[in-house]
Each structure stands twice: as structure tokens, then as C-alpha cells.
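Topology and contacts: notes
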Number of protein chains: 2
Amino acid sequence: MSVAGVGEFGLIDRVTARLGAGPACLVGPGDDAAVVAAPDSRVVASTDVLVEGRHFRRDWGGAVDLGHRAAAANLADIAAMGATPTALLVALCLPPGLEPGWAEQLADGLAAEAAKVGASVVGGDMSASPTLTVAVTALGDLGGRAPVLRSGARPGDVLALAGRVGYAAAGCTVLSRGFRTPKLLVEAYRRPEVPYPAGPHAARLGATAMIDVSDGLLADLGHVARASGVGIDVHRDAFEVPRQMRDAAQALGVDPYTWLLAGGDDHALAATFPPAVALPAPWRPIGVVTEGGVVTEGGGAAGGGVTVDGERYDGPAGWDHFR
Amino acid sequence: MSVAGVGEFGLIDRVTARLGAGPACLVGPGDDAAVVAAPDSRVVASTDVLVEGRHFRRDWGGAVDLGHRAAAANLADIAAMGATPTALLVALCLPPGLEPGWAEQLADGLAAEAAKVGASVVGGDMSASPTLTVAVTALGDLGGRAPVLRSGARPGDVLALAGRVGYAAAGCTVLSRGFRTPKLLVEAYRRPEVPYPAGPHAARLGATAMIDVSDGLLADLGHVARASGVGIDVHRDAFEVPRQMRDAAQALGVDPYTWLLAGGDDHALAATFPPAVALPAPWRPIGVVTEGGVVTEGGGAAGGGVTVDGERYDGPAGWDHFR
């Protein structure tokens, strides 16, 4: 049986039967649109798309994993504004010969990841397509707080990180070389562990800027530096290379700092705080905001005044989804 | 120059430069997420995806047209809940060899259609993909009204329609046969004329159920009939076949009622009203809600007790995006 055999409406019925409704879901799947609570009178919204062969491979992880990943990428964007996620909408483009069970498992993963933060899948759309594609939109609520933008970092602020970096990139490299272990790294790629509550927490602590680390730490800090008109210096000493990562790096002939500084997909949160703020876990300092103005030659994605221990970083900085 | 040559961030800059900000846009493109006003403390949200070769062909209309169509399909879903659209988010999957100008024109069309209702494109995502795909999420505000669902139709209610049906389907047939005229029909396919204000208007008038006609009138009324547990009888006499449609139908050997009753893509709104409600334009009566219980053999998309002049309709009823 294929998704084409089940048909659009049959598949929608099968998938929506697996979705629970979170507390913010006022009208769920099955109508022209969903209705979601927005108690703050503002709604935070972000869209991310995953394309097979570019963002994921079906032989590198299961459909449930992909559901977790697709949801996490979007929920992390909501957290990075200082908001709490409330809902997901999902546009699914499926090859007509795909097993319906694959879509059902994807829905399970999406729903389970959303449930971690009290959110749920409230709507979506499906179509056949030659290219398996998952486009997710996440909504969230600011709970009365100002959104934490990329543009508020000020010289003298402390740069801090919540969550892991490098794990997913290491896992991706491991998988791309045909290995399936170490499990810690491979699982980090398949199902990122996002520190969602750290986003609203940072907002309450007075974070001046925040971003979800999805393209790579230096590349994403470059976005903050450019938006804020500052420089950002990352302290390499702040990063310990975990044992499994060090071993994998050695076995594969990779500099582990390439994973730590330039690997995306873990969806850590990076934020800047006024220096007087005491930073409780999971936030840990990893650098400082400077006056900036360091222009890198070539103007790569790590440009905009991001340095490592005061110097330009020469490794790959991040990921461009067209190159 | 191709989108791959411009790169992800270059293309995002080019596209976002063309997008205005509507009154509900509090934080627009360029951060992890957008922030949109939701004065009602609830947000209406809907996602639709258009896939090249299935929902559109690049030789049947330009990128600006496609932007209008993609926006209209989503904005109509918001209107069909009785809400006013506030914002769009757009996930774009583009073949790497595509001209960047194509994406810019698409953005122009999206922005122009959104501007018709005071909304704007507030965010999105882009990726390369072998299959050109446009996934749009629309948000809207209920303005204190209850959402109008598909499930509220009651026997005795009047079935009414706002907007055109059959025009886009006729235009699609004309294009599929290799013709480019009549302009009226071809343009209706390329840029649907959606009666957006009729949605909130119907809610204020006391509509008991409402739906956006996107799959075909009978198929979409089937959704209302099933959700409401009623029958719906459509009066064929309520539909006049416009001259250009009659001429095209004759020339192409098509029954024009196939377009009128089973053609989607015009995004008319169909709603049911208590019989005492006086229906001002653009709403016009086209049928009645009955006790229902008419089960059609085969259980096609037009099942669920939808009849035409009291009888089962034997033509094609609508569109399944996997078949």
C-alpha cells in the first residue's frame, strides 16, 4: 500500500488520528484553519523546510527521528525569541509510492517533540511530490516578555550558550562515512536535544540578543554581530571536546573544533547578557561582545566581526542551503 | 546567475527587500522568528503547499501569478474561519539553477495578494530542491468572533456562496489544451479573485458553517456535510454559466457544470446560514441544508449527503492531491 493508494483524505485521517491536542489548541486539524491560543496578544511564528537529500537521508534515520528533528528545528526558533512554543503546522510533500506508515511515524515524531514543550500539531497540508519535503511552521507565546532579537547585543555583554554544539555535526559526519556509532553522536544528529526552557529563561534574565544555533555557532553569531553592529569573540577554552567526539574526530581525521564551532543542527541557544547578570545553568559563558568592526576578508558567513580568541577563524563557518 | 550562485543568504536579502510590513507585523523577516499582533488573543493558522507539476506549471503563468495564487489559497482559508488575515510565512524550495529574479517575482505576488487584505509576508525559509515547492502559512485574527467551523450546519439552513466557481477550473482546462484565451478564464486560474471580506462578514451575519472552495464545490460541501452530520442540496439553477465559460465549454467539449460544481482553485466561500438571515451581496443562496443521510455508492469525495437538485451527482466531484 502506498500513500497514493490511501489517497489524500485517507492519509490525512490516518495522520491526524495520531496527533494529540495541546492546551493552546482551540480548533485542531480538520477545518479550513486551526485556532491557537495567543494569550500574549502577539504570536511568534517561524517556518523551516527540510528537503530529502539536502537536510536528511531516509537511510540515516527513521521517520520518527525526522519528525523530532523537523519539529525541533522550528521549536528552537520560537525559544530563541524568548517565547514558549504553542503549536506546529506541517506541510508534507510525499513521493506517491511511499508507505503510509512512514507519514504516520513522522507524525508521531513531530507530535512527541512538540509535546515536550506542551505544544501540538494543529494543522497542515499534504501533497504528492517527487521530492520528500517537510515544511514546518511553529507558533509561540511571549508570555508578556519583549521578544529577544538578534540586534540587541552591546559591547561588554557576556556571550553564553545553552545546549550542545558539535554533536549533531559529528553524528552527521559519522553517518556520511558509513558508520552507525558512536551512538551518542548519531542520536544527537537524529534527535537534537534542544534546551527549550532556556529561551524564555534567558529573556527573563535580561538577555540582550539571542539566536538558535542551526547553521553553525560562528555563522549564527555572525548574524547576531551584523544585526547588532558589534563584534563577538568566542573563547575556545570554553569548549571541552567530549570523549566520544574526540575519539570519532581522531578516527575520522577531523578537527573536532570544526564540529564545535561550525556544526549546526544541535539547536543550542546562544545569547548575550549584560555583564552584571549571574548566569544559572544551563547557560554558560563562552565569550564576549566587543566593539566589533573586524571585517574578514572574503566576507564569508563567519564575517561581521566574529573571532575566536581574538583571531579570525579559518575553518568552515557554516552551511548555505543552496551551495 | 542562478539562486545557487546568489546563495541562501543573498537570496533571502533580495527577496525580503521586496516585502512591505503590514500593520500586524511587529517583528518581520531577519530574526529567528517573526512576531505578529494577535489582538483577539487567539490566532487562526493554516498551511497550504503548492508543488510544481501538480499544482502549477511555470509555462502556464508567471512567478508573480504564482505568488498571488499561493497567497490566495491560504488567505482564503483564514477568511473561511470568519477571520481577517494578518501575516504569511513562506517556505520556498527552489531548483539551484533557477533565476533569482523568479523568486523575487514570486515574493512580489505574495506580497501584493497579502496587501489586499492588509497582511504581509513576515518570515519564511528557503532551500534548494529538485522540485520547485511553495509552502505558505497564513495567520489571521478573529476580532472577537467565534470561528465558523465546518461542523455547524443545521437542517433548514440556507446554503450560500460568495465569489466565483468554475472560472479557475475552466482556465486550467483551457491552458491544458494549449490555449491562452479566453483571458477571463485563464486569468481566473492564474490569480483567483477571492472575496476575502465575505468571510468575517458571514461570521457577523451568523453563519453556522463555512468552507473555502478549493477542491471543488461538491467535494468541499461534502466536508461540511460530513462534519455537520447533515445533507446539502445544491440548486443547479442558482448557477448561470457565463458566456465565455459556455463558449469555452462548447469549443472544448466539456460540460460547464463540471467546472462549476467540481472545479476548485477559485477560492469562493461557501457558508450556511439560519433561514431567517437576510443575505446581502456578495452572498447568494445556492441550496439548502437537509436532514442528510444520503450515502453515495462508492463513497467518493462528494459523498456525505451532497446532492444536486435532490439527486446524486455523477460527474467528477473534486481533486485528490495524491491521485
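Residues numbered from 1 in each chain as written. Chains lettered and ligands numbered in written order. Predicted model: local features only at pLDDT ≥ 70, side-chain atom pairs only at ≥ 80, totals over all residues. Heavy atoms only, no water.

Note the cut-off: UniProt positions are given in the numbering used here, feature names are shortened, and annotations may be inferred rather than shown by experiment.
As annotated in an unreviewed UniProt entry, chain A is Thiamine-monophosphate kinase from Micromonospora rosaria. Quoted verbatim from the Sequence similarities (unreviewed entry) field of the UniProt record, the comment on chain A reads "Belongs to the thiamine-monophosphate kinase family." The record in UniProt for chain A states the following under Pathway (unreviewed entry): "Cofactor biosynthesis; thiamine diphosphate biosynthesis; thiamine diphosphate from thiamine phosphate: step 1/1."

1. Structural notes on the pattern of salt bridges
What counts here: In the sections that follow, a salt bridge refers to a side-chain nitrogen of Lys or Arg positioned within 4 Å of a carboxyl oxygen of Asp or Glu. Relative accessibility thresholds used throughout: buried, under 20% of the residue-type maximum; exposed, over 50%; partly exposed, between the two (1.4 Å probe, protein chains only).
One pass over the full model with this rule turns up 26 salt bridges over all chains. In this structure, the salt-bridge partner of Asp40 of chain A is Arg42 of chain A, at a minimum N-O distance of 2.5 Å. Asp40 of chain A gets classed as buried once you look at its relative accessible area, which sits at 14%. When the shortest N-O distance is used, the salt bridge between Lys116 of chain B and Glu113 of chain B registers 3.0 Å. A relative accessible area of 1% means that Glu113 of chain B is categorised as buried. A cluster of three or more residues bridged by salt bridges with shared partners is formed by Arg14, Arg18, Glu104 and Asp108 of chain A.

2. Description of the interface of chain B and chain A
To keep it simple, the criterion reads: Here, residues are in contact when the closest pair of their heavy atoms is within 4.5 Å. Once two parts are joined, some of their accessible surface, as seen by a 1.4 Å probe, is lost; buried area is that loss totalled over both. By the criteria applied, helices consist of DSSP H or I runs no shorter than four residues and strands consist of E runs no shorter than two, each listed in order from the N terminus. When residues are grouped by polarity, Ala, Val, Leu, Ile, Met, Phe, Trp, Tyr, Cys and Pro land in nonpolar, Asp, Glu, Lys and Arg in charged, and all others, Gly among them, in polar. Any two strands with at least two DSSP bridges between them are considered paired.
Of the residues lining the interface, 67 residues belong to chain B; the matching set on chain A comes to 67 residues. Summed over both partners, the interface of chain B with chain A comes to about 5,100 Å²; 59% of that surface belongs to carbon and sulfur atoms. Counting every contact that joins chain B to chain A gives four salt bridges. Asp31 of chain A is paired through a salt bridge with Arg150 of chain B; the nearest N and O atoms lie 3.8 Å apart. For the side of chain B that touches chain A, the element with the most residues is strand 3 (residues 42–51) of chain B, which contributes nine residues. In terms of residue class, the side of chain B that touches chain A is made up of 39 nonpolar, 15 polar and 13 charged. When strand 3 (residues 42–51) of chain A meets strand 2 (residues 34–37) of chain B, the two strands line up antiparallel, connected through four bridges. From the neighbouring strand, Val44 of chain A faces strand 2 of chain B, where its bridge partner is Val35 of chain B.

3. As for unusual backbone geometry
Omega for the bond connecting Ala281 of chain A with Pro282 of chain A falls within 30 degrees of zero, at 5°, which places this linkage in the cis form. By the secondary structure assignment, Pro282 of chain A is in the loop between strand 10 (268–273) and strand 11 (284–290). Although it is not a glycine, Ser41 of chain B sits at a positive phi angle of roughly 70°. Within the secondary structure layout, Ser41 of chain B lies in the loop between strand 2 and strand 3.

4. Looking at the packing of helix 5 (residues 167–176) of chain B against helix 9 (residues 243–252) of chain B
Residues and elements named next belong to chain B. Under the convention used in this document: Every angle, taken between N-to-C directions, lies between 0 and 180 degrees, and every axis is a line fitted to C-alpha atoms, over only the stretch in contact when it is a helix. Crossing handedness follows the turn of the near helix against the far one: under a right angle anticlockwise gives a left-handed crossing, and clockwise gives a right-handed one.
Interaxial distance between helix 5 and helix 9 falls to 11 Å at its minimum, and their mutual angle equals 35°. Relative to helix 9, helix 5 is oriented so that their crossing is left-handed. Taken together, the residues of helix 9 that come into contact with helix 5 (itself represented by Tyr167, Ala170, Thr173 and Val174) are Met245, Ala248 and Leu252. Here the contact of helix 5 with helix 9 is built from residues that sort into six nonpolar, one polar and no charged.

5. Quick look at the domain arrangement of chain A
Residue and element names in this part refer to chain A. Applicable threshold: An automatic or database domain assignment supplies the residue ranges for each domain.
Entries for chain A in the domain assignment read domain 1 (7–141) and domain 2 (158–308). Taking only C-alpha atoms into account, the centre of domain 1 sits 25 Å from that of domain 2. Facing the 22 residues of domain 1 at the interface are 19 residues of domain 2. Regarding the contact of domain 1 and domain 2, the summed buried area is about 1,700 Å², with carbon and sulfur atoms giving 59% of it. Counting the surface domain 1 buries against domain 2, the share from its top three residues, Trp60, Arg69 and Ala80, is 39%. In this structure, the connection of domain 1 to domain 2 is made through two salt bridges. Between Asp265 and Arg69 there is a salt bridge, with the nearest N and O atoms lying 3.9 Å from each other.

6. Details of the relation of the copies chain B and chain A
Mapping between the two copies of the chain is achieved by a rotation about an axis and a shift along the axis. Inclusion rule: Alignment of the copies relies on least squares applied to C-alpha atoms, considering only residues that score at least 70 for pLDDT in both.
Superposing chain B onto chain A takes a rotation of 180° plus a shift of 0.0 Å along the axis, which leaves an RMSD of 0.0 Å. These values place the two chain copies in the arrangement generated by a two-fold rotation axis. Judged by C-alpha distance, Ser41 of chain B is the residue of chain B that lies nearest the rotation axis, at 2.3 Å. An overlap of 100% is found between the interface residues of chain B and their copies at the interface of chain A, pointing to a shared contact surface.

7. Details of the sheet that holds strand 10 (residues 268–273) of chain B
Residues and elements named next belong to chain B. If you trace the six strands from one edge of the open sheet to the other, you get 8-10-7-11-9-12, paired in mixed fashion. Edge positions in the sheet fall to strand 8 (209–213) and strand 12 (306–308), since each of these pairs with one other strand and no more. Across this sheet, the average inter-strand angle for adjacent strands is 25°, counted without regard to direction. Two elements, strand 9 (residues 231–234) and strand 11 (residues 284–290), share four bridges in a ladder whose sense is antiparallel. Residue pairing across strands places Asp233 opposite Val288, the latter belonging to strand 11. Here helix 3 (residues 63–79) sits on the sheet in contact with strand 8 and strand 10, set at roughly 175° to strand 8. Against the sheet, helix 8 (residues 217–228) makes contact with strand 7 (158–162), strand 8, strand 9, strand 10, strand 11 and strand 12, and its axis sits at roughly 150° relative to strand 8, the strand it touches most.

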